[in-house]
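Here are the chains, one letter per residue:
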Amino acid sequence: MTVAGVMRQYQVVGRKAATDDHPNPEAYRMIIFAPNAVIAKSKFWYYLHQFRKMKKTTGEILDCVELTEKNSRTVKNYGIWLRYSSRSGTHNMYREFRDVKLTGAVSQLYDEMAGRHRCRPRSIQIIRTATVGAKDLKRNNGMQFAKAGVKFPLPHRVSSAKRGQRALSDSTYSTVRPTTFFG
Amino acid sequence: MPFTRYAEVGRVVLVNYGPESGKIATIVDIVDQNKCLIDGPQDITGVVRQVIPFSRIALTDLTVKIQRNARAKTLKAAWAEADTLNKWEATSWAKKLAAKKKRASLSDFDRFKVMVAKKQKSAIIAKKMEELAA
């Protein structure tokens, strides 16, 4: 699937179509991360026909609702268990991210997997996500920012010329070299 | 030169880029090495609680004593106790920003008044120089 921008979290509920012998088949609920509801429903059938004997043509989706973050005003540590296929095989992985929303952490996950492992979104399956307390973190990067009293300077501040902030200044020429030290 | 301005909980920052540019806010929590959670407090500076990358903010010398993730109410009280807004307005940084803003918003008549005042100032200086040269 194409992952454009931020991922959203959906709760999709579906079941096999009701027949005369089984008028009330069991309903299955999945939490799916997808950019929109259409892809979410499609992913639902992708997973469900792997786990159970049902598919889109013989089933029906009862509900697809977007889940929003309960509290997006605090930074949380998210642990994500995933399964991805690389060029030589498929592996399990556990990654941690710090973010304000779970969907933000999942978006970070997809970007990082693409960057570090050249792994496309279609090869990633999210098994489980959880909010992790600061003392249960296992990866160094999150641990150092979850610590109390964390502070660091911002060294070598380069203003991005693409932004056009300082690059397109009033004067084309300058007699002073730019500075990157701002305390 | 050692570093004196740190990105930390309680650091007052100036937003450089984006819809809130030109306003000051406080770092309430740090997300990771690239972004932090800032809050105005909204009632004082108008900056809503949001995640912002460090590339969009500039650290100032002022800090406020707050705990990580301080609520808006606690933040406001800490700002009032430290008198941060007045301290910021008194810095030459803030004064320069205000002067730039004023200069950009002058009307033609205001610019005329500035021109007349500059002429008067340079007349006084020239007269004094003449006296000193003699």
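Anything mentioned here points back to the structure above.
Residues numbered from 1 in each chain as written. Chains lettered and ligands numbered in written order. Predicted model: local features only at pLDDT ≥ 70, side-chain atom pairs only at ≥ 80, totals over all residues. Heavy atoms only, no water.

**Q** Just checking my understanding: could you explain the overall build of chain B for this structure?
**A** For chain B, the count of helices and strands is five helices and six strands. Radius of gyration (C-alpha) of chain B: 20 Å, far over the 14 Å computed for a compact globule of 134 residues. Along the first, second and third principal axes, the C-alpha atoms of chain B reach 65 × 35 × 30 Å. Buried residues in chain B amount to 34% of all 134 residues. For chain B, long-range pairs separated by at least 24 residues make up 47% of all intrachain contacts whose partners lie at least 6 apart in sequence. Of the accessible surface of chain B, which amounts to about 8600 Å², a share of 56% is contributed by carbon and sulfur atoms. Of the side chains in chain B, 25 bear a positive and 14 a negative charge, and the two mean positions are spaced by 3 Å. (Helix = DSSP H or I, 4+ residues; strand = E, 2+ residues; numbered from the N terminus. Rg over C-alpha atoms; globule rule 2.2 N^0.38 Å. Buried < 20%, exposed > 50% of the residue type's maximum accessible area, 1.4 Å probe, protein only. Contact = heavy atoms within 4.5 Å. Areas by Shrake-Rupley, 256 points an atom, 1.4 Å probe, with all protein chains shown as cover. Lys, Arg positive; Asp, Glu negative; His and termini not counted. Charge placed at Lys NZ, Arg CZ, Asp CG, Glu CD.)

**Q** Would you mind going over helix α4 (residues 92-104) of chain B with me for this structure?
**A** The α-helix winds at 3.6 residues per turn, so residues separated by three or four positions along the chain end up facing the same way. When the terminal C-alpha atoms of α4(B) are compared, their 18 Å separation across 13 residues agrees well with the 18 Å that a helix rising 1.5 Å per residue should span. Of all 13 residues that make up α4(B), one are buried, and the element is exposed over most of its length. (Expected span 1.5 Å × (residues − 1).)

**Q** When you look at the sheet that holds strand β5 (residues 90-99) of chain A in this model, what are you seeing that I'm missing?
**A** Strands pair in a sheet through their backbones, by hydrogen bonds, and they do so in one of two ways: parallel or antiparallel. Residues and elements named next belong to chain A. Here three strands make up an open sheet; going across it, the order is β5-β4-β6 and the pairing antiparallel. One side of each edge strand has no neighbouring strand; the edge strands of this open sheet are β5 and β6 (124-132). With direction set aside, neighbouring strand axes in the sheet form an average angle of 20°. Where helix α2 (residues 102-117) meets the sheet, it contacts β4 (76-85), β5 and β6, and its direction lies at approximately 130° from that of β5. (Pairing = 2+ DSSP bridges. Axes fitted to C-alpha atoms, helices over the stretch in contact; angles between N-to-C directions.)

**Q** I'm lost on a positive patch on the surface in this one. Help?
**A** Side chains of R87(A), R118(A), R120(A) and R122(A) sit close together on the surface and give a patch of like positive charge. Here R118(A) is to be found in the loop between α2 and β6. (Patch = residues over 30% accessible without salt bridge, like charges linked within 9 Å, V, L, I, M, F, W, Y side chains within 5 Å. Salt bridge = Lys/Arg side-chain N within 4 Å of Asp/Glu carboxyl O.)

**Q** Would you mind going over the nonpolar core with me for this structure?
**A** In a soluble, globular protein the nonpolar side chains are often hidden away together inside. All names here are of chain B. Formed by 18 residues in total, the largest nonpolar core has its most connected members in V12, I24, V64, I66, W79 and W88. Mapped onto this core, the elements with two or more residues apiece are β2 (11-15), β3 (24-30) and α2 (72-82). By residue number, the principal contributor to this core is α2, which donates three residues. Contact partners of W88, with chain neighbours within four places excluded, come to L14, I24, T60, L62, W93, A94 and L97. (Core = buried A, V, L, I, M, F, W, Y, C linked by side-chain atoms within 4.5 Å.)

**Q** Can you help me understand the interface of chain A and chain B in this one?
**A** Many descriptions give the size of an interface as the accessible area lost when the pieces come together. Between chain A and chain B, the contact holds 23 residues from the first and 28 residues from the second. Summed over the shared surface of chain A and chain B, the number is one salt bridge. A salt bridge links D29(B) to R98(A); the shortest N-O distance between them is 3.9 Å. In this structure, the connection of chain A to chain B is made through 11 residue pairs in polar contact (both at pLDDT 80 or more). Elements supplying a minimum of two residues to the side of chain A that touches chain B: β5, α3 (140-146) and β7 (151-153) of chain A. Across the side of chain A that touches chain B, the residue classes tally to 11 nonpolar, five polar and seven charged. (Polar contact = N/O pair within 3.5 Å; in protein donor to acceptor, adjacent residues only side chain to side chain. Nonpolar A, V, L, I, M, F, W, Y, C, P; charged D, E, K, R; others polar.)

**Q** Sorry, what's going on with the sheet that holds β2(B) here?
**A** Residue and element names in this part refer to chain B. In space, the five strands of this open sheet follow the order β5-β4-β3-β2-β6, with antiparallel pairing throughout. Since the sheet does not close on itself, it has two edges, and those belong to β5 (50-53) and β6 (57-63), each with one partner. Direction aside, the axes of adjacent strands within the sheet are offset by 50° on average. Bridging between β2 and β6 involves four bridges; their strand directions are antiparallel. By the bridge assignment, V15 is partnered in β6 with I57.

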